[in-house]
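Given next are the chains, with one letter for each unit.
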Amino acid sequence: YQYVGDEAVLTWKTEPGLKDQNCLLAFFAFRNQLKTKREYYENKYQTSPTFKAGMHIGPVMVTEVGKFKKEIAYHGDTINTAARIQGQCNTMNTDFIISDQLKRRMDTERVIYQPLGSIQLRGKEKETELYSADLV
């Protein structure tokens, strides 16, 4: 829905996002697409792009902002928590981290989860249990 510097923020409605683990599988599809084009990027730019992601689940407020240039903005604790989770990727040496709240809504059919521990995310009162996620 939005670019923030060199980041992209993606949102899903809950049921379609959870169905068949679509929200998680989107990460792996993006990563696979970059791997498929790796040789092209390296030849043209002498590097290949990578990315890291954090995911969380919960309510999000949606509003229209702007008087002359209108756009839709998403706000709330869910967006902030996902950003804080993504911020832990380098520290935890992984590309993809999800919250326990999201993991509890997923199955283990195609994705495996590794516990990363419970940490205090900036701006949160309680610790958040985090998991890395990868394809089976």
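Anything mentioned here points back to the structure above.
Attention in this report is confined to the structure presented alongside it.

Analysis parameters
Per chain, the residues get numbers from 1 upward, laid out in the order the sequence is written. The predicted origin of the model limits local features to residues at a pLDDT of at least 70 and limits the giving and counting of side-chain atom pairs to 80 or more, whereas totals for whole chains, interfaces and linings rest on all residues. As a rule here, side-chain values cover all heavy atoms of the structure and leave hydrogens and water aside. Under the scheme used here, helices are H or I runs from DSSP no shorter than 4 residues and strands are E runs no shorter than 2 residues, and both carry numbers assigned from the N terminus. Three labels apply to residues, based on accessible area from a 1.4 Å probe with only protein chains included: buried if under 20% of the type maximum, exposed if over 50%, partly exposed otherwise in between. Note on contacts: a residue pair qualifies if any of its non-hydrogen atoms lie within 4.5 Å across the two residues. For the area figures, the Shrake-Rupley method with a 1.4 Å probe applies, and any residue is considered shielded solely by the protein chains shown. Neither His nor the chain ends is counted toward charge; the positive residues are Lys and Arg and the negative residues Asp and Glu. Just so you know, the charge point we use is NZ for Lys, CZ for Arg, CG for Asp and CD for Glu. In this scheme Phe, Tyr and Trp rings, the latter by its six-membered ring, pair at centre separations within 6.5 Å, and the angle between planes marks the pair as stacked below 30 degrees, edge-to-face above 60, and tilted otherwise. Any Lys NZ or Arg CZ that is within 6 Å of a ring centre and within 35 degrees of that ring's normal is treated as a charge sitting over the ring. Only when DSSP finds a minimum of two bridges between them are two strands counted as paired. By convention a nonpolar core is built from buried Ala, Val, Leu, Ile, Met, Phe, Trp, Tyr and Cys residues, the set being connected through side-chain atoms within 4.5 Å.

**Digging into the overall build of the chain**
- Tallying secondary structure elements over the chain gives six helices and eight strands in all.
- The helix and strand sequence of the chain, counted from the amino end, reads β-β-α-α-α-β-β-β-α-α-β-α-β-β.
- Considered along the principal axes of its C-alpha atoms, the chain spans approximately 45 × 40 × 30 Å.
- Relative to its 136 residues, the chain shows a buried fraction of 32%.
- In the chain, the proportion of contacts linking residues at least 24 apart, taken out of those at least 6 apart, comes to 56%.
- Of the accessible surface of the chain, which amounts to about 9,500 Å², a share of 48% is contributed by carbon and sulfur atoms.
- Each charge class in the chain can be summarised by its mean position, and for the 19 positive and 17 negative side chains these summaries are 5 Å apart.

**Comments concerning the packing of aromatic side chains**
- One pass over the structure, following the stated rule, counts seven aromatic pairs.
- Judged by centre distance (5.3 Å) and plane angle (85°), the ring pair of F27 and F28 falls under edge-to-face. Note on accessibility: F27 and F28 belong to one class, buried.
- Counting every residue linked through ring pairs, the aromatic cluster contains F27, F28, F30, F51 and F96.
- Cation over ring: K103 sits above Y113, and NZ or CZ is 5.5 Å from the ring centre.
- Taking NZ or CZ as reference, K103 lies 4.9 Å from the ring centre of Y131, over its face.

**Let's talk about the pairing of strand β4 (residues 61-65)**
- Of all five residues making up β4, only zero are buried, and the element is barely covered by its neighbours.
- Remark: five residues form the turn of the hairpin made by β4 and strand β5 (residues 71-75), two consecutive strands paired antiparallel; G66 in that turn has positive phi of roughly 100°.

**Here we look at the nonpolar core**
- In terms of nonpolar packing, the biggest core is built from 17 residues, with L24, F96, I98, L102 and Y113 touching the most fellow members.
- Of all the secondary structure elements, the ones that give two or more residues to this core are α2 (22-36), β3 (53-55), β6 (96-99), β7 (111-119) and β8 (128-135).
- Counting residues per element, this core draws most heavily on α2, which supplies five residues.
- In contact with F96, not counting residues within four places along its chain, are L24, F27, F28, A53, M55, C89, Y131, S132 and A133.
- In this structure, I85, C89, M92 and I119 belong to the second largest nonpolar core, which totals seven residues.

**Some words on the environment of I98**
- With respect to the helices and strands, the residue I98 is situated in strand β6.
- The exposure class assigned to I98 is buried, which follows from its relative accessible area of 0%.
- In sequence terms I98 and E129 are 31 residues apart; their C-alpha atoms lie 8.7 Å from each other.
- Sequence-distant contacts of I98, defined by excluding residues within four places in its chain, comprise L24, M55, I85, K103, Y113, E129, L130 and Y131.

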